[in-house]
Amino acid sequence: NAGVTQTPKFQVLKTGQSMTLQCAQDMNHNSMYWYRQDPGMGLRLIYYSASEGTTDKGEVPNGYNVSRLNKREFSLRLESAAPSQTSVYFCASNQGHGQETQYFGPGTRLLVL
Amino acid sequence: GENVEQHPSTLSVQEGDSAVIKCTYSDSASNYFPWYKQELGKRPQLIIDIRSNVGEKKDQRIAVTLNKTAKHFSLHITETQPEDSAVYFCAADYNTDKLIFGTGTRLQVFP
């Protein structure tokens, strides 16, 4: 099993450009999450999907949209990238809800110029 | 909303010494408190967790304690080794469907 996979690993964007970060899991998990990690700020939840067909905002949703394409895949879209969105983005998944182990992907390092 | 505070932000210890990282949370309804370890350039991985019906949990050299009354929980690492060097994050569940993370502690273990 690959676990949680993310693409791309690294991306450079210019301000105003758009892009989609892809995440997939092969563990048959119901819940999936998108976090951003900034120095000194820890992991902050952007959006999550408790089950296929549902999505909810986290702590820092502004400037992002998500799509739970199916049970395996959960994508994060930046419609108009800003330098403040320079960060490392992690996708995670777990079986049911917030009280279970979350398994993280390898991360996507995004630089917005 | 829920807030998790973590201290210290950096911690340096000599190999063989103990290390303690402390967290406080704000939501009295939180019941699940995991700890994640993140090595440089890698993804966070769960190392231990504790639920509110337990006051302490141990796994070899690591242990976690929970004081629900004070809304405090702590990670204890004994007999530290250089491979324990990493960033450690505490977290607390919120509304049972998501985690709120602390800001992390960078632990350095010197040989």
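Below: a short report on this structure. Just so it is clear, the structure is predicted and the values come from calculations on it, not from any experiment.

Quick look at the sheet that holds strand 3 (residues 19-25) of chain A
Residues and elements named next belong to chain A. The sheet built from 4 strands is open, its strands ordered 1-3-8-7 with antiparallel pairing. Of all the strands in the sheet, the pair left with one neighbour each is strand 1 (4-7) and strand 7 (64-68). Adjacent strand axes in the sheet meet at a mean angle of 20°, parallel and antiparallel pairs treated alike. Summarising the sheet, strand 1 and strand 3 pair through 4 bridges and their orientation is antiparallel.

Observations regarding the state of the cysteines
All names here are of chain A. Overall, the coordinates contain 2 disulfides over all chains when judged by the stated rule. Disulfide pairing is shown between Cys23 and Cys91; the S-S distance is 1.9 Å. Judged by the torsion about the S-S bond (-70°), the Cys23/Cys91 disulfide is left-handed. Of this pair, Cys23 sits in strand 3 while Cys91 sits in strand 9 (residues 87-94); the two residues are 68 residues apart in sequence, bridging distant segments of the chain. On the accessibility criterion, Cys23 (3% relative accessible area) is buried.

A look at the sheet that holds strand 7 (residues 62-67) of chain B
Two pairing modes exist for strands in a sheet, parallel and antiparallel, and in both the strands are linked by backbone hydrogen bonds. Residue and element names in this part refer to chain B. Strand order in this open sheet of 5 strands is 1-3-8-7-6, and the pairing throughout is antiparallel. Two strands close off the open sheet at either side, each with one partner strand: strand 1 (4-7) and strand 6 (56-59). Each neighbouring strand pair of the sheet contributes to a mean axis angle of 15°, computed without reference to strand direction. In terms of strand pairing, strand 1 meets strand 3 (residues 19-25) through 4 bridges, oriented antiparallel. Considered in strand 3, the bridge of His7 is made with Lys22.

Let's talk about the nonpolar core
Nonpolar side chains in soluble globular proteins generally cluster together in the buried interior. Judged by nonpolar contacts, the single largest core of 24 residues is most densely connected at Trp35(B), Phe73(B) and Leu107(B). Contributing elements (two or more residues each) for this core: strand 2 (10-14), strand 3, strand 4 (32-38), strand 5 (45-51), strand 7, strand 8 (72-77), strand 9 (86-94) and strand 11 (105-110) of chain B.

What about the interface of chain A and chain B?
At the interface, 21 residues of chain A touch 20 residues of chain B. Buried area between chain A and chain B, summed over both chains or domains, comes out near 1,800 Å², and the portion from carbon and sulfur atoms is 54%. Linking chain A with chain B are 5 residue pairs in polar contact (both at pLDDT 80 or more). Elements with a minimum of two residues in the side of chain A that touches chain B: strand 4 (31-38) and strand 5 (42-49) of chain A. Top contributing element to the side of chain A that touches chain B by residue count: strand 5 of chain A, with 4 residues. Here the residues of the side of chain A that touches chain B sort into 10 nonpolar, 9 polar and 2 charged.

Notes on unusual backbone geometry
Residue Thr7(A) is joined to Pro8(A) through a cis peptide bond whose omega torsion reads -5°. On the secondary structure map, Pro8(A) appears in the loop between strand 1 and strand 2 (10-13). Pro8(B) follows His7(B) through a cis peptide bond whose omega is -5°. Checked against the element boundaries, Pro8(B) lands in the loop between strand 1 and strand 2. Residues other than glycine seldom take positive phi values, yet Lys71(B) does so here, at roughly 55°. Despite not being glycine, Glu79(B) has its phi angle at roughly 45°, a positive value. Residue position: Glu79(B) is located in the loop between strand 8 and strand 9. Judged by its relative accessible area of 54%, Glu79(B) falls in the exposed class.

Analysis parameters
- Residues numbered from 1 in each chain as written.
- Chains lettered and ligands numbered in written order.
- Predicted model: local features only at pLDDT ≥ 70, side-chain atom pairs only at ≥ 80, totals over all residues.
- Heavy atoms only, no water.
- Pairing = 2+ DSSP bridges.
- Helix = DSSP H or I, 4+ residues; strand = E, 2+ residues; numbered from the N terminus.
- Axes fitted to C-alpha atoms, helices over the stretch in contact; angles between N-to-C directions.
- Disulfide = S-S within 2.5 Å.
- Buried < 20%, exposed > 50% of the residue type's maximum accessible area, 1.4 Å probe, protein only.
- Core = buried A, V, L, I, M, F, W, Y, C linked by side-chain atoms within 4.5 Å.
- Contact = heavy atoms within 4.5 Å.
- Buried area = accessible area lost by both parts, 1.4 Å probe.
- Polar contact = N/O pair within 3.5 Å; in protein donor to acceptor, adjacent residues only side chain to side chain.
- Nonpolar A, V, L, I, M, F, W, Y, C, P; charged D, E, K, R; others polar.

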